[in-house]
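Listed here are the chains, written in short residue letters.
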Amino acid sequence: MDPSSSLPLRTLILGGTTEATNIARALAHEPTIAATLSLAGRTAAPILPPIPHRIGGFGGIAGLVAYLRTTETAAIIDATHPFAAQISAHACQAAALTATPILRINRPAWRAEPGDQWTHVTTMTQAAEALGPTRRRVFLTIGQQDLAPFRAAPWHDYIIRSVDPPAAALCPPNATLITARGPFTVAAETALLQTHRIEIIVTKNAGAAATAAKLTAARTLGIPIIMIARPSLPPCPTVPDADGALDWLKRQVSTAR
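About the cut-offs
Residues numbered from 1 in each chain as written. Predicted model: local features only at pLDDT ≥ 70, side-chain atom pairs only at ≥ 80, totals over all residues. Heavy atoms only, no water. Helix = DSSP H or I, 4+ residues; strand = E, 2+ residues; numbered from the N terminus. Buried < 20%, exposed > 50% of the residue type's maximum accessible area, 1.4 Å probe, protein only. Axes fitted to C-alpha atoms, helices over the stretch in contact; angles between N-to-C directions. Parallel < 35°, antiparallel > 145°, perpendicular 65-115°, else oblique. Left-handed = near helix turned anticlockwise from the far one by under 90°. Contact = heavy atoms within 4.5 Å. Nonpolar A, V, L, I, M, F, W, Y, C, P; charged D, E, K, R; others polar. Pairing = 2+ DSSP bridges. Arc of directions from axis to C-beta.

### Let's talk about unusual backbone geometry
- Following G182, the chain continues into P183 via a peptide bond in cis, with omega recorded as 10 degrees.
- With a phi close to 55 degrees, E72 is a non-glycine residue in the positive phi region.
- Among the structural elements, E72 can be located in the loop between α2 (60-70) and β4 (75-78).
- The class of E72 is exposed, set by a relative accessible area of 60%.
- Located in the positive-phi region is A99, a residue other than glycine, with phi close to 55 degrees.
- As for its position among the elements, A99 is in the loop between α3 (85-98) and β5 (102-105).

See the structure below:
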């Protein structure tokens, strides 16, 4: 028997989502899997996992390939945000170049329900244009990296929510900042929308349960939503949740042994 077959499966988890955190917690005391959680470093105070972790980029595809080979990584879980298109693409290419099995968590997208008033767009620029020429009170829940296009529509009043305060240079004028980390309740989201007299919401179709309450609150209050579609990602085996990823990892362990 090959002695290496008894070693734990070295696994890289590309994280930044609730699913990644749940996987890390589940693997904290799993002797057959040696996982490392990688975080992009965009959040000043990330929730750190109970397993080894790293923070920061890899240096493109070549850097990720070098990391996989140096650490002898045997499996990759892409549990990044559905809009983190670049790292997902890099992960697929690096996995192919190193013959490393890869799995992506593709959480179900939000779908409009009766009473929803959604306008579908594919880019932030389209979202800013869809706000129209009339001054409106806009709730932006898109993350601090995508605020710049809304500077082209400075006549609106913006309420911006993000985990960390965005740089002032990125924000449109007439912006009120709210720093908060989900999950959020329907009651809290309803109160926020009413307190700030929100007339329209701009959000990404993240599909996350932790931030879905605003959709219910908007539906109840009759507030329209500009919904930004997910980017296209390279083909890759997928599961919808953390449990599916854990099952896949167990099969990888069985195959390796």
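What follows continues from the structure just given.
### Quick word on the packing of helix α5 (residues 186-195) against helix α6 (residues 213-221)
- The interhelical angle for the contact between α5 and α6, taken along N-to-C directions, is 55 degrees, at an axis separation of 8 Å. Between α5 and α6, the angle falls in the class oblique. Between α5 and α6 lies a crossing whose hand is right-handed. Between α5, through V186, E189, T190, L193 and Q194, and α6, the contact on the second element is made entirely by A213, K214, T216, A217, A218 and L221.
- Partitioned by chemical class, the residues of the contact of α5 with α6 number 6 nonpolar, 3 polar and 2 charged.

### Details of the sheet that holds strand β12 (residues 238-239)
- The 6 strands lie next to each other as β3-β2-β1-β4-β5-β12, forming an open sheet whose pairing is parallel. Each of the sheet's edge strands pairs with one partner strand only, and the pair in question is β3 (53-55) and β12.
- Sheet topology places strand β1 (residues 9-14) next to β4; 4 bridges connect them, and they run parallel. The residue of β4 that forms the bridge with L14 is D78.

### Structural notes on α5
- Taken together, the buried positions of α5 are occupied by E189, T190, L192 and L193. Mapping the buried residues of α5 onto a view down its axis gives an arc of 160 degrees, with all of them on the same face. Facing away from the buried side of α5, by more than 90 degrees, are the exposed residues A187, Q194 and T195.
- Of the surrounding secondary structure, the elements contacted by the buried residues of α5 are β7 (137-141), β8 (157-162), β9 (175-179), β10 (200-204) and α6.

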